[in-house]
Amino acid sequence: VSPDEEGICSGKYFTEAGLVGLLEQAAASFSMAGMYEAVNEVYKVLIPIHEANRDAKKLSTIHGKLQEAFSKIVHQDGKRMFGTYFRVGFYGTKFGDLDEQEFVYKEPAITKLAEISHRLEGFYGERFGEDVLEVIKDSNPVDKCKLDPNKAYIQITYVEPYFDTYEMKDRITYFDKNYNLRRFMYCTPFTLDGRAHGELHEQFKRKTILTTSHAFPYIKTRINVIHKEEIILTPIEVAIEDMQKKTQELAFATHQEPADPKMLQMVLQGSVGTTVNQGPLEVAQVFLSEIPNDPKLFRHHNKLRLCFKDFTKR
């Protein structure tokens with residue numbers, strides 16, 4: 001292969017010097033982004049090259065940077081902020097090809113819904129006119145028949161990375177849970193009579209799972225959604241999820257290193273405080289006071305009892 005003046009060849013082929021240069025840039029970029037685990041993966045490629053060239057100076061530099069990266073993993077794990085994700089849906093013929101398309105946007109850490117909403121509202125409002133653009137405030141499924149054909153609509157929803165139970169066996173560290181993300185989830189509470197919130201025995205939840213065409217982090221900060229799946233949780237299933245969440249919060253608060261009594265006190269108040277509406281006590285009274293008549297609910301009833309057993313142990 002014949003390299004050009006800069007030492008980089010056309011197409012997908014590189015000289016050794018060009019490849020080494022690109023990998024070093026990649027390692028530096030990952031380090032700046034706080035993705036120290038990825039730095040190690042890049043150096044796994046570089047180290048054999050420098051070993052073959054007997055370049056002790058370069059190897060010394062690399063091992064120094066690796067020591068620094070692993071040290072930061074030990075001391076900063078859980079404190080790094082990798083990003084916040086939002087689902088953005090576009091509706092209306094004014095968007096052209098974007099009409100009825102959904103994307104997941106990756107925003108800087110701790111970006112609030114109001115911030116991205118204000119930014120997109122400003123951008124598309126300037127493009128179409130502020131009187132034409134409208135932001136849909138809820139996360140309910142959009143019925144295009146009820147929309148004004150002369151307007152452009154944007155729906156913005158906060159989403160979280162979603163993992164199946166089997167995935168959690170491999171996604172152990174904080175980095176694992178924030179890298180190679182393709183599935184995201186958001187929840188929409190609803191009742192059968194149309195209200196968003198109701199009593200415990202009538203509170204349903206719709207979990208929407210989105211799959212993107214590529215995994216985050218990516219070269220783009222928005223990726224289109226290629227698959228959508230909906231799961232409807234019945235009131236007792238919603239209660240089971242809430243109890244599991246409270247138990248996890250208690251487990252985290254009691255095993256925190258170093259111990260944080262203020263955090264534990266807050267979690268306890270939220271879990272067993274008598275002033276808390278729809279807390280564990282009310283869940284037990286609503287769902288466990290009597291054995292359900294429907295045999296289909298026996299499994300959920302038993303699961304909720306086991307959730308309370310775990311909860312009281314914590």
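Everything numeric here is computed off the predicted structure, so don't read it as measured data.

So, on to the overall build of the chain. If you tally the helices and strands in the chain, you get 8 helices and 7 strands. On C-alpha atoms alone, the chain measures out to a radius of gyration of 25 Å, which is more than a quarter above the 20 Å that the 2.2 N^0.38 rule sets for 314 residues. Principal axes of the C-alpha set define a box for the chain whose edges measure 80 × 55 × 35 Å. Within the span of the chain, comprising 314 residues, buried residues form 37% of the whole. Within the chain, contacts between residues at least 6 apart in sequence are counted, and of these 56% link residues at least 24 apart. Between the averaged position of the 41 positive side-chain charges in the chain and that of its 45 negative side-chain charges there is a distance of 3 Å.

Turning next to the domain arrangement of the chain. Each assigned domain of the chain is listed with its residue range as follows: domain 1 (16–76), domain 2 (84–233) and domain 3 (236–313). Its C-alpha centre places domain 2 at a distance of 28 Å from the equivalent point of domain 3. On the side of domain 3, 9 residues touch domain 2, which itself brings 10 residues to the contact. Of all residues in domain 2, Leu200, Lys205 and Leu233 give up the largest surface area on contact with domain 3, accounting jointly for 69% of the area buried on that side. Our count for the domain 2 to domain 3 interface comes out at 2 salt bridges. For glutamate 241, the salt bridge is made with lysine 207, and the minimal N-O distance between the two is 2.6 Å. Where domain 2 touches domain 3, the interface holds 2 residue pairs in polar contact (both at pLDDT 80 or more).

Quick look at the packing of aromatic side chains now. Given two aromatic rings, their pairing is described by the distance between the two centres and the angle made by the two planes. Using the criterion set out here, one finds 16 aromatic pairs in the structure. Between the aromatic rings of phenylalanine 90 and phenylalanine 103, the centroid separation amounts to 6.0 Å while the plane-to-plane angle is 75°, which identifies the pairing as edge-to-face. Taken as a pair, phenylalanine 90 in strand E1 (residues 84–91) and phenylalanine 103 in strand E2 (residues 102–107) lie far apart in primary sequence, 13 residues in all. Residues phenylalanine 90 and phenylalanine 103 agree in their burial class; the two are buried. Centre to centre, the rings of phenylalanine 123 and tyrosine 124 are 4.9 Å apart; their planes meet at 90°, and the pair counts as edge-to-face. Every member of this aromatic cluster is reached through a ring pair, and the members are Phe90, Phe95, Phe103, Phe123, Tyr124 and Phe128. Above the ring of phenylalanine 190, the side-chain terminus of arginine 206 is found at 4.7 Å from the ring centroid.

Right, let's talk about the pattern of salt bridges for a bit. Throughout the structure, instances matching the rule amount to 17 salt bridges. In this structure, the salt-bridge partner of arginine 195 is glutamate 202, at a minimum N-O distance of 3.0 Å. Because the salt bridges share partners, they merge into one network encompassing Asp164, Glu167, Arg171 and Arg183.

Next up on the list: the state of the cysteines. Counted under the stated rule, the structure contains 0 disulfides. Here cysteine 187 is not disulfide-linked; the sulfur of cysteine 307 is the nearest cysteine sulfur, at 16 Å.

Reading the values: rules and limits
- Residues numbered from 1 in each chain as written.
- Predicted model: local features only at pLDDT ≥ 70, side-chain atom pairs only at ≥ 80, totals over all residues.
- Heavy atoms only, no water.
- Helix = DSSP H or I, 4+ residues; strand = E, 2+ residues; numbered from the N terminus.
- Rg over C-alpha atoms; globule rule 2.2 N^0.38 Å.
- Buried < 20%, exposed > 50% of the residue type's maximum accessible area, 1.4 Å probe, protein only.
- Contact = heavy atoms within 4.5 Å.
- Lys, Arg positive; Asp, Glu negative; His and termini not counted.
- Charge placed at Lys NZ, Arg CZ, Asp CG, Glu CD.
- Domains from an automatic or database assignment.
- Buried area = accessible area lost by both parts, 1.4 Å probe.
- Salt bridge = Lys/Arg side-chain N within 4 Å of Asp/Glu carboxyl O.
- Polar contact = N/O pair within 3.5 Å; in protein donor to acceptor, adjacent residues only side chain to side chain.
- Phe/Tyr/Trp six-rings, centres within 6.5 Å; stacked < 30°, edge-to-face > 60°.
- Lys NZ or Arg CZ within 6 Å of the ring centre and 35° of its normal.
- Disulfide = S-S within 2.5 Å.

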